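Architecture at a glance
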Amino acid sequence: MSKVIEQKEQVVQEIAEKLENSVSTVVVDYRGLDVSEATELRKQLREAGVDFKVYKNTMVRRATEKTNLTDLDEYLVGPTAVATSTEDVVAPAK
């Protein structure tokens, strides 16, 4: 198997694990944020115990297939980020 495919499979597995272990997941369209706003958002989410990361939509779709969360797929259009929390149900939405 090629190295690139192995790396992509690792990313899909990482996303799948985050989706499975989270108590709350929010898919966010992050257009319109400048660098300082995005940095501040990441800081606030990190302090709240929320994992916030930008993934390729195709990778997230493959992870949702593995976790039977394909209902999220309709929101994976354009530049999206995934915010997950393993502790607080409302923290990613705040």
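To keep things clear, this report deals only with the structure shown in the data block. (Residues numbered from 1 in each chain as written. Predicted model: local features only at pLDDT ≥ 70, side-chain atom pairs only at ≥ 80, totals over all residues. Heavy atoms only, no water.)

Focus on the nonpolar core
Among the nonpolar cores identified, the biggest contains 10 residues, and these are Val12, Ile15, Ala16, Leu19, Tyr55, Met59, Val60, Ala63, Leu76 and Val82. For this core, the secondary structure elements donating two or more residues are helix 1 (3–21) and helix 3 (57–67). With four residues, helix 1 is the single largest residue contributor to this core. Not counting the four nearest positions on each side in its chain, Ala16 is found in contact with Ala63, Lys66 and Thr67. Leu45, Val50, Ala81 and Ala91 belong to the second largest nonpolar core, which has six residues in total. (Core = buried A, V, L, I, M, F, W, Y, C linked by side-chain atoms within 4.5 Å. Buried < 20%, exposed > 50% of the residue type's maximum accessible area, 1.4 Å probe, protein only. Helix = DSSP H or I, 4+ residues; strand = E, 2+ residues; numbered from the N terminus. Contact = heavy atoms within 4.5 Å.)

Here's the deal with helix 2 (residues 35–47)
With 13 residues, helix 2 should reach 18 Å at 1.5 Å per residue; the first-to-last C-alpha distance of 18 Å fits that figure. Just past helix 2, the residue Gly49 takes up positive phi, approximately 80°. (Expected span 1.5 Å × (residues − 1).)

Re the packing of helix 1 against helix 3
Running from N to C, helix 1 and helix 3 point in directions that differ by 55°, and their axes come no closer than 8 Å. Judged by the inter-axis angle, helix 1 sits oblique to helix 3. Crossing of helix 1 over helix 3 shows right-handed handedness. Residues Lys8, Val11, Val12, Gln13, Ile15, Ala16, Leu19 and Glu20 of helix 1 touch helix 3, and the partners they reach there are Met59, Val60, Arg62, Ala63, Thr64, Lys66 and Thr67. Of the residues contributing to the contact of helix 1 with helix 3, the split by class is eight nonpolar, three polar and four charged. (Axes fitted to C-alpha atoms, helices over the stretch in contact; angles between N-to-C directions. Parallel < 35°, antiparallel > 145°, perpendicular 65-115°, else oblique. Left-handed = near helix turned anticlockwise from the far one by under 90°. Nonpolar A, V, L, I, M, F, W, Y, C, P; charged D, E, K, R; others polar.)

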